[in-house]
Amino acid sequence: MVRTVARLGAVLALAYLVVVAGAPPSWAFGSARPVPGPVVRGFDPPAQDWLPGHRGVDLAAPVGSDVHAAAAGQVSVAQVIAGRGVVTIVHGELRTTYEPVRAGVRVGDHVAAGEVIGTVEAGHCPAGCLHFGLKRGEEYLDPLGGSDVRLLPASAVARARKLAAERASALASGDVPVTGSGLLLNPVGGRITSPFGRRFHPIFHEWRLHAGVDLQASCGTPIRAAADGVVQSVSYDSSGGHRLVIGHAGGLTTHYLHALKRYQVRNGQKVKRGQVVGLVGSTGWSTSCHLHLTTKINGRLVDPARLL
């Protein structure tokens, strides 16, 4: 047991200090890059919605250069807002925003991936750049997929140690059906059938970021909370189907997708590690019964395999 706990502490320290490892991708969302220039300011959302932060990426682009749609969709905004030209394109449950842009499209237009939607205007960066954003509902996403290395502050070490101690206590108690060897309980006990990272989407047949792991489980299998926490949201959308988000200590959140029906918990409810919160299903963009698990620390994606 002592050896196991020591190994857990080492794994957790690494998992929390390096949020997502790997070389930065040349592109992540969609099949086209809006402008060819490099990133001059990356995605850095705030811990809370009302705090300042950078909710998209800035891509270097000379004033007057063409702006291309990152993916096929329908224009929902093409107007000047607060003195700056904005174009927004809806792609199913996702939408992209481009600014400052002199629009070359109109609301209602259907555009193809790579189609020119306008030109870069002055006003955002001294040397010229395009601010490119990606959202799902009210959630800001990283258009580059969040797969560059991001170091957390030194306080993350203390958080990791605290959570490791909680994990060791749970292991010692013996009253939790632990199936993994890391920070989190495997919610369904199944093996990973689709890992975190870029993959060829089984439904849309294009390369996309898989922002979590798929865990093998048959329909009706109980889904258990991966750690003690508080329910942040219970919702449904076309992509994730029945979706549950639980907040945990240290800024960690776990996200459970594709449940059979509405989860058995409510917003604000406290849950315990191992508590049944729902049943495995195949709702949303899913080809078979399984649980999709996403993990984030302070809003930044973490490969769940590092924590299970």
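As the structure is a computational prediction, the values presented were derived from the model and not from experiment.

*Asks:* How should the pattern of salt bridges be read in this particular structure?
*Replies:* Scanning the model with the defined rule gives seven salt bridges in all. Here Lys296 ties to Glu139 by a salt bridge, and the two come within 2.4 Å at their closest N and O atoms. A residue pair is termed long-range when its members are at least 10 positions apart, and Lys296 in strand β22 (residues 290–297) and Glu139 in strand β11 (residues 139–141) qualify at 157 residues. Glu139 gets classed as partly exposed once you look at its relative accessible area, which sits at 25%.

*Asks:* Sorry if this is basic, but what is going on with the state of the cysteines here?
*Replies:* In protein structure, a disulfide is the covalent linkage between the sulfur atoms of two cysteines. Throughout the structure, instances matching the rule amount to two disulfides. Bridging Cys125 to Cys129, the disulfide has an S-S length of 1.9 Å. Linking Cys125 and Cys129, the disulfide has an S-S dihedral of approximately 65 degrees and is accordingly described as right-handed. Across the pair, Cys129 and Cys125 agree in class, each one buried. Residue pairing for Cys219: its cysteine sulfur links by disulfide to Cys289, the two sulfurs lying 1.6 Å apart. Here the disulfide of Cys219 and Cys289 is left-handed, its torsion about the S-S bond being about -45 degrees. Of this pair, Cys219 sits in the loop between β15 (213–216) and β16 (222–224) while Cys289 sits in the loop between β21 (276–279) and β22, placing them 70 residues apart in sequence. Within the protein, bonded cysteines paired by disulfides and numbered along the sequence follow the pattern 1-2, 3-4.

Rules used throughout
- Residues numbered from 1 in each chain as written.
- Predicted model: local features only at pLDDT ≥ 70, side-chain atom pairs only at ≥ 80, totals over all residues.
- Heavy atoms only, no water.
- Salt bridge = Lys/Arg side-chain N within 4 Å of Asp/Glu carboxyl O.
- Helix = DSSP H or I, 4+ residues; strand = E, 2+ residues; numbered from the N terminus.
- Buried < 20%, exposed > 50% of the residue type's maximum accessible area, 1.4 Å probe, protein only.
- Disulfide = S-S within 2.5 Å.

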